[in-house]
Amino acid sequence: MTYARDLGELSDPSYMGESVGEGYRYASGTVSPCRSQPAPGGFLISEGSKEHAATQNALARYLSDHGVTPLSPHAHDPQFDLAWSSQGRFAIAEVKSVRAENMVDQVRLGVGQVLHYAHQIAIRLGAEVPATVIVTSRPVTPELALYLGRNNIGYADAEALKNGGEVRLPYT
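Residues numbered from 1 in each chain as written. Predicted model: local features only at pLDDT ≥ 70, side-chain atom pairs only at ≥ 80, totals over all residues. Heavy atoms only, no water.

Trainee: I tried to follow the packing of aromatic side chains on my own but got confused; where do I start?
Mentor: The relative placement of two aromatic rings is captured by the distance of their centres and the angle of their planes. Tallied over the entire structure, the rule returns two aromatic pairs. Geometrically, the ring pair formed by Phe-80 and Phe-90 is edge-to-face, given 6.5 Å between the ring centres and 75 degrees between the ring planes. Here Phe-80 is found in the loop between strand 4 (69–72) and strand 5 (82–86), whereas its partner Phe-90 is found in strand 6 (residues 89–96), with 10 residues between them in sequence. You can call Phe-90 buried: its relative accessible area is 8%. (Phe/Tyr/Trp six-rings, centres within 6.5 Å; stacked < 30°, edge-to-face > 60°. Helix = DSSP H or I, 4+ residues; strand = E, 2+ residues; numbered from the N terminus. Buried < 20%, exposed > 50% of the residue type's maximum accessible area, 1.4 Å probe, protein only.)

Trainee: Any chance you could explain the pairing of strand 4 here in plain terms?
Mentor: Remark: a regular strand shows side chains that alternate across the two faces of the sheet. Taken together, the two bridges between strand 1 (residues 22–23) and strand 4 define a ladder with antiparallel strand orientation. In the sheet register, Glu-22 faces strand 4, and the bridge partner there is Ser-72. One ladder, built from three bridges, connects strand 4 with strand 5; its direction is antiparallel. Each residue of the ladder has a partner; that of Pro-70, found in strand 5, is Trp-84. (Pairing = 2+ DSSP bridges.)

Trainee: Help me out: how do you make sense of the confidence of the model for the protein in this one?
Mentor: Low-confidence regions, as indicated by low pLDDT, have predicted coordinates that should not be scrutinised in detail. Of the residues in the protein, 78% reach a pLDDT of 70 or more, and the chain-wide mean stands at 83. Looking across the protein, the model is least confident in strand 3 (residues 43–44), with a mean pLDDT of 46, and most confident in strand 4, with 96. Throughout residues 1–5 the model reports pLDDT below 50, and contacts reaching past four residues in sequence, or to other chains, amount to five contacts. Taken together, the stretch residues 40–46 has pLDDT below 50 and engages in 19 contacts with residues farther than four places along the chain or on a different chain. (pLDDT = per-residue confidence, 0-100. Contact = heavy atoms within 4.5 Å.)

This is the structure we're talking about:
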């Protein structure tokens, strides 16, 4: 069976015709004081949250600057970080806070998250939904770029979004 055929068989008729996402809500990067604790990779969750919000907002601005409307999830959507729709096609992104020592783990985690969100939305829409991983502080390594590219997963980092570096996003 092909993936497209599987999607048609799994499409949820209760959601058919229902939109995914809504107008983008800029991320604030605030967390409650109890969440400001050490996290894997040696930085505080509150620090990661600020970087995450800044990168997510940079992605929204990048999309807007390229004539693409960024979207936030509806309450009934999978809780993706950001999505966009262009010419009737839908794509989704997961932002991961990274440091050199945790980049591989964070990218692997992000891939799992974004593929699951994309799968859930693809079933609902009956169409393929490309996935993208965005990292906060540095470009992905050449090995990770190859891994993402070979698996048809878009990628970028915060600096590239802000300053015109390598950005591989579907439908932009």
